[in-house]
Amino acid sequence: MTMQKEKKSRKKFGEKPPCGWWIILIAFIFAAACAGLTMITKERLYANLAPYMAICFIALGVEVLIHTLINIGRLPGWGFNLLPVLLCLFFGILLLAVDAMESDILAFYVGYGLLGGCLALISYAFSMKNLAGHYWIPVLVIGLLAALDALVLLFYPLHSYRTLLFWTQLGFVLLALGFLTAVIALALQQRAIKKIRASGSARA
């Protein structure tokens, strides 16, 4: 069984497992920082969070792009990460470019930025699934929950600052939790692949 896994791993992904899980850890830190800011911000100051969320989205886009580029040929389905990168970067830059924005309009852009982060998590989950691992399911579940939150911000008619702030808080909390879960899953996946290949090399 070990030899079969080792041969399958080599056939699909060459000699090297995915690397750079620590880059996703930085994404977790930015998302967690935004989650913390939304929790300490008063409801009527929601619009003041725009530059901080913009920086978070730009950072997420850059980090996912870097992680994708260094894992070309190592991480299956890496091309699907380009859409989340574009969403995060576009709406992050847009938020920085606009001087003032109404809270309900800001929530709309935040929804798109969060959706970009969620799509990155979902892409990571399916990539780990293709690596024949067992750690992709929590990443996928959190990514889908965060995507539902982003869709609420995009399409649900929100009328109060409290509601806007709640769904934004929940979105960043889920995003941070998702990236943290992805960090752990990618680290465990990398260790498992190395262990399988080391065992196969020893048998050879």
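Reference entry: report on the structure contained in this document. (Residues numbered from 1 in each chain as written. Predicted model: local features only at pLDDT ≥ 70, side-chain atom pairs only at ≥ 80, totals over all residues. Heavy atoms only, no water.)

Moving on, we come to the packing of helix H3 (residues 50-70) against helix H4 (residues 82-97). The contact between H3 and H4 brings their axes to 8 Å, and the two run at 155 degrees. Judged on the interaxial angle alone, H4 and H3 are roughly antiparallel. Crossing hand, H3 versus H4: left-handed. Here H3 contributes Ala-50, Pro-51, Ala-54, Phe-57, Ile-58, Leu-60, Gly-61, Val-62, Val-64 and Leu-65 to the contact with H4, which in turn contributes Leu-82, Val-85, Cys-88, Leu-89, Gly-92, Ile-93, Leu-95 and Leu-96. (Axes fitted to C-alpha atoms, helices over the stretch in contact; angles between N-to-C directions. Helix = DSSP H or I, 4+ residues; strand = E, 2+ residues; numbered from the N terminus. Parallel < 35°, antiparallel > 145°, perpendicular 65-115°, else oblique. Left-handed = near helix turned anticlockwise from the far one by under 90°. Contact = heavy atoms within 4.5 Å.)

Take the packing of aromatic side chains next. In the structure shown here, the tally under the stated rule is 8 aromatic pairs. On the numbers, 4.8 Å between centres and 0 degrees between planes, the contact of Phe-91 with Tyr-112 is stacked. Here the residue Phe-91 occupies a position in helix H4, and Tyr-112 occupies one in helix H5 (residues 103-130), the gap between them amounting to 21 residues. Accessibility expressed as a relative area gives 25% for Tyr-112, which makes it partly exposed. With centroids separated by 5.2 Å and ring planes inclined at 75 degrees, the aromatic side chains of Phe-166 and Trp-167 adopt a geometry described as edge-to-face. Through successive ring pairs, a cluster of aromatic residues spans Phe-90, Phe-91, Phe-108, Tyr-109 and Tyr-112. Sitting over the ring of Trp-136, Lys-129 keeps its end group 5.7 Å from the ring centre. (Phe/Tyr/Trp six-rings, centres within 6.5 Å; stacked < 30°, edge-to-face > 60°. Buried < 20%, exposed > 50% of the residue type's maximum accessible area, 1.4 Å probe, protein only. Lys NZ or Arg CZ within 6 Å of the ring centre and 35° of its normal.)

The next point concerns the side chain of Thr-41. Here Thr-41 lies in the loop between helix H2 (21-40) and H3. A polar atom in the side chain of Thr-41 sits 2.6 Å from the backbone oxygen of Leu-37. Dropping the residues within four chain positions of it, Thr-41 is found in contact with Tyr-46, Leu-49 and Leu-165. (Polar contact = N/O pair within 3.5 Å; in protein donor to acceptor, adjacent residues only side chain to side chain.)

Once that is clear, we can look at the pattern of salt bridges. Counted by the stated rule, this structure contains 1 salt bridge. With a closest N to O distance of 3.0 Å, Glu-43 and Arg-162 form a salt bridge. Of the two residues, Glu-43 is situated in the loop between H2 and H3 and Arg-162 in helix H7 (residues 161-203); the sequence distance between them amounts to 119 residues. Take Glu-43: its relative accessible area is 31%, and that puts it in the partly exposed class. (Salt bridge = Lys/Arg side-chain N within 4 Å of Asp/Glu carboxyl O.)

This is a description of form; function is not addressed.
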